[in-house]
Structure formats: C-alpha cells, structure tokens
Amino acid sequence: MEEITAEQIGTLRVLIQLSCAELQALLENSRASSKPVALDEPIGRLSRMDALQHQQMAVASRQIQSQRLQLLRNALKAIERDEYGNCRRCEEPIGYQRLKVRPESPFCLACQSRSERS
Ligand SMILES: [Zn+2]
C-alpha cells in the first residue's frame, strides 16, 4: 500500500471536517427524540409503545453517530500530529482508497478484518 500524499491528506481533512459537522447536526437534531418517554404524557398505550421504540432507535443511532464523531476527531488530531494515514496496529499505510471511504479508520483493512473476526 502506498503512503498518502500531503495533497490527499488535505482532501481527507476536508472530508473529515464535513462529516464532523454533519454528525454534530444529526446529533443535535436527534437529541429531543432520544429523551426518555415521559410516563405521564397523555398518549394511548399503543402510541406509548411506538414512542418507546422510536426513542430506543434514536438512542442506538446516536451511539453509532457519536462513536464515529469521536473517531473523526481522533483522525483530525492525528493529521495535526502528522501521524495520519498509517495503521495503528501494523503501522503500514492504510491507503488512500480506504481512507476516502472511511477517513476515520485507524486501522488498515487487514487489521480491521482481523479484529472483527476475533
Ligand atoms: Zn494494519
């Protein structure tokens, strides 16, 4: 795998910043719907179950979103420290194609699939 160039890092940094902003907006918007359903709200039993289900889904997707946001912020820090683009496990270049799809990825594809299997 080839090391990424400074120009590619510049492109990825913009991508990361855009994704960060997008996730922050999503998290901001879903804050209300992830609040626990109030028991004294005057809604019927079915709509309460519906509301609970919506709330649980909102909580789950917010968890995924904030995890990704954290990884993206870590990636930005790695760019600042000039440590971006190499796998944190094997220290091999992650590769531009992979980073373009998942710029927050701290591992190369080989290490990532190895950790997912185990
Ligand atoms: Zn690796």
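Residues numbered from 1 in each chain as written. Predicted model: local features only at pLDDT ≥ 70, side-chain atom pairs only at ≥ 80, totals over all residues.

### Thoughts on the environment of N86
Summarising the element assignment, N86 is placed in the loop between α2 (45–80) and α3 (96–101). In contact with N86, other than residues within four places in its own chain, are E91, E92, P93 and I94. (Helix = DSSP H or I, 4+ residues; strand = E, 2+ residues; numbered from the N terminus. Contact = placed C-beta atoms within 7 Å.)

### Focus: the packing of helix α1 (residues 6–30) against α2
Two elements in contact, α1 and α2, have axes whose closest approach is 9 Å; the angle formed by their N-to-C orientations is 150 degrees. By the angle class used here, α1 and α2 are roughly antiparallel. The handedness of the crossing between α1 and α2 comes out as left-handed. Residues I9, R13, I16, S19, C20, L23, Q24, L26, L27 and S30 of α1 pack against A58, R62, Q65, S66, R68, L69, L72, R73, A75, L76 and I79 of α2. In terms of residue class, the contact of α1 with α2 is built from 12 nonpolar, five polar and four charged. (Axes fitted to C-alpha atoms, helices over the stretch in contact; angles between N-to-C directions. Parallel < 35°, antiparallel > 145°, perpendicular 65-115°, else oblique. Left-handed = near helix turned anticlockwise from the far one by under 90°. Nonpolar A, V, L, I, M, F, W, Y, C, P; charged D, E, K, R; others polar.)

### A short note on the environment of R73
Relative to the helices and strands, R73 is located in helix α2. Given 14 C-beta atoms within a 10 Å radius, R73 is considered partly exposed. Once the C-alpha coordinates of R73 and Y84 are considered, the two residues, 11 residues apart in sequence, prove to be 12 Å apart. (Buried ≥ 20, exposed ≤ 12 C-beta atoms within 10 Å, placed from the backbone.)

### Comments concerning the nonpolar core
What tends to happen in soluble globular proteins is that the nonpolar side chains get buried as a cluster. Grouped together as the largest cluster of nonpolar side chains are 11 residues: I4, L12, I16, L72, A75, Y84, C87, I94, L99, F107 and C108. Breaking this core down by element, the ones donating at least two residues are α1 and α2. Not counting residues up to four positions away in its chain, the partners in contact with A75 are I16, Y84, P103 and E104. (Core = buried A, V, L, I, M, F, W, Y, C linked by C-beta atoms within 7 Å.)

### Examining α1
Here α1 spans 36 Å end to end across 25 residues, near enough to the 36 Å set by a 1.5 Å rise per residue. Buried within α1 are the following residues: L12, I16 and L23. If you follow the buried residues of α1, they end up packed against α2 and α3. (Expected span 1.5 Å × (residues − 1).)

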